[in-house]
Amino acid sequence: PARAIEAALALEPGHAKALWLRASLEHEEHRYADALTTWRRLLAVVPAGSSDAKIIQSNIAEAARLAAG
C-alpha cells in the first residue's frame, strides 16, 4: 500500500485521499512526527470548516501528543 500511496502523491501531491491514507499508515507505523506533517498537508487541501477538516484537526492534535512522547 505504501508504494501505491507514494505513486499517487508523485502524480498529484495534494491528492486528499492519498494524503489521508499516508497519514493513517504513518500513524499505524508509530511514525507520529511524519503523520503530523502529512495531516497538516492534508488540512491545507480540504475545505476549511468542513467535517473532514474537523477530523483532521483532531488527528493533528493526537499526532502532536504522541510525537511529543
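Residues numbered from 1 in each chain as written. Predicted model: local features only at pLDDT ≥ 70, side-chain atom pairs only at ≥ 80, totals over all residues. Heavy atoms only, no water.

## A closer look at the pattern of salt bridges
Taken as a whole and assessed by the stated rule, the structure comprises 5 salt bridges. Across the pair E6 and R22 runs a salt bridge, and its minimum N-O distance is 3.0 Å. Within this pair, whereas E6 is found in helix α1 (residues 2–11), its partner R22 is found in helix α2 (residues 16–28), the two being separated by 16 residues in sequence. You can call E6 partly exposed: its relative accessible area is 35%. A salt bridge links R22 to E26; its shortest N-O distance comes to 3.7 Å. (Salt bridge = Lys/Arg side-chain N within 4 Å of Asp/Glu carboxyl O. Helix = DSSP H or I, 4+ residues; strand = E, 2+ residues; numbered from the N terminus. Buried < 20%, exposed > 50% of the residue type's maximum accessible area, 1.4 Å probe, protein only.)

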